[in-house]
Amino acid sequence: MTFNELQMIAIAKLAKAMIAADGKVEQAELTAMAIEFTKFGVSKDALSRILSNADSMESGTAIAIVSLMNEAQKKYVTGYLAFIMAADGEIADSEVATWSLISTLAKLPTMTIGQALEFWQNN
């Protein structure tokens, strides 16, 4: 699975929305978000730039970028966001609502949390 930097910025923007969805920012969620980027070979400096640019990106722009991804990329994003949602050991209703809203707006595939996590883990 590959993503260009603009796509990674958009994914980071959506991941940050997932992290904030329950009203608290847990270190486990932040760590989970960052570790995933390192799996793609993103250096510490590049990650800092991606996260900074994600803060500047409008949510609508992030949604639009993700909506243009191919089906495999969209499934991966769906699973990654589910992973972020579950990273702190609990899934709040507000996180599920945010995940569903992002999925609808970005035209992500319809998946259960379990299906999304399974796809993410295997890809």
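Residues numbered from 1 in each chain as written. Predicted model: local features only at pLDDT ≥ 70, side-chain atom pairs only at ≥ 80, totals over all residues. Heavy atoms only, no water.

A.B. asks: Would you explain the confidence of the model for the protein chain in this entry?
C.D. replies: Where the model shows low pLDDT, its predicted coordinates should not be examined in detail. Of all residues in the protein chain, 100% have pLDDT values of 70 or greater, and the mean over the chain is 91. Looking at the elements of the protein chain, mean pLDDT is at its lowest for helix H2 (residues 27-39), recorded as 85, and at its highest for helix H4 (residues 59-67), recorded as 97. (pLDDT = per-residue confidence, 0-100. Helix = DSSP H or I, 4+ residues; strand = E, 2+ residues; numbered from the N terminus.)

A.B. asks: Is there a simple way to explain unusual backbone geometry in this structure?
C.D. replies: Glycine aside, residues mostly have negative phi angles, and peptide bonds mostly take the trans form. Not every positive phi belongs to a glycine, and Lys107 is a case in point at roughly 55°. Tracing the chain through its elements places Lys107 in the loop between helix H6 (93-105) and helix H7 (113-122).

A.B. asks: Looking at this structure, I do not really get the packing of helix H1 (residues 5-20) against H6. What am I missing?
C.D. replies: Packed helix pairs are characterised by how far apart their axes lie and by the angle those axes make with each other. Packing of H1 against H6 brings their axes to within 8 Å, and their N-to-C directions diverge by 155°. On the basis of the axis angle, H1 is roughly antiparallel to H6. Viewed along their axes, H1 and H6 form a crossing whose handedness is right-handed. Contacts between H1 and H6 involve Leu14, Ala17 and Met18 from the first element and Glu95, Thr98, Trp99 and Ile102 from the second. Per-class residue counts for the contact of H1 with H6 are five nonpolar, one polar and one charged. (Axes fitted to C-alpha atoms, helices over the stretch in contact; angles between N-to-C directions. Parallel < 35°, antiparallel > 145°, perpendicular 65-115°, else oblique. Left-handed = near helix turned anticlockwise from the far one by under 90°. Contact = heavy atoms within 4.5 Å. Nonpolar A, V, L, I, M, F, W, Y, C, P; charged D, E, K, R; others polar.)

A.B. asks: Before we go on, may I ask you to explain the packing of aromatic side chains in this structure?
C.D. replies: Here a ring pair, both rings aromatic, is described through the centre-centre distance and the interplanar angle of the planes. Under the definition given, this model contains five aromatic pairs. Measuring from ring centre to ring centre gives 6.2 Å for Phe37 and Tyr80, while their planes differ by 90°; the resulting arrangement is edge-to-face. Taken together, the residues Phe37 in helix H2 and Tyr80 in helix H5 (residues 71-86) connect sequence positions 43 residues apart. Each member of the pair Phe37 and Tyr80 is classed as buried. Among the aromatic side chains, those forming a connected cluster through ring pairs are Phe3, Phe40 and Tyr76. (Phe/Tyr/Trp six-rings, centres within 6.5 Å; stacked < 30°, edge-to-face > 60°. Buried < 20%, exposed > 50% of the residue type's maximum accessible area, 1.4 Å probe, protein only.)

A.B. asks: Would you mind going over the side chain of Ser67 with me for this structure?
C.D. replies: For Ser67, the location among the structural elements is in helix H4. Among the polar contacts listed, one links the side chain of Ser67 to the backbone oxygen of Ala64, at a separation of 2.7 Å. Apart from the residues lying within four places of it in its own chain, the contact partners of Ser67 are Lys74 and Ala106. (Polar contact = N/O pair within 3.5 Å; in protein donor to acceptor, adjacent residues only side chain to side chain.)

A.B. asks: Could you clarify how one ought to interpret the packing of H1 against helix H3 (residues 44-56) in this entry?
C.D. replies: Their axes nearest at 8 Å, the elements H1 and H3 cross at an angle of 65°. Two packed elements cross with a definite hand, and for H1 against H3 that hand is right-handed. Where H1 approaches H3, its residues Glu5, Met8, Ile9, Ala12, Lys13 and Lys16 are matched on the opposing element by Arg49, Ile50, Leu51, Asn53, Ala54 and Asp55. Looking at the contact of H1 with H3 residue by residue, the classes come out as six nonpolar, one polar and five charged.

A.B. asks: Would you explain the pattern of salt bridges in this entry?
C.D. replies: Pairs may arise between side chains of opposite charge once their charged atoms sit close together. Applying the stated criterion across every chain, the model contains four salt bridges. For Glu5, the salt bridge goes to Arg49, with nearest N and O atoms at 2.9 Å. In this pair, Glu5 is assigned in helix H1 and Arg49 in helix H3, connecting sequence segments 44 residues apart. Note that Lys16 is salt-bridged to Asp55, the shortest N-O span being 2.6 Å. You can see Lys16 sitting in helix H1 and its partner Asp55 sitting in helix H3, a full 39 residues away along the chain. (Salt bridge = Lys/Arg side-chain N within 4 Å of Asp/Glu carboxyl O.)

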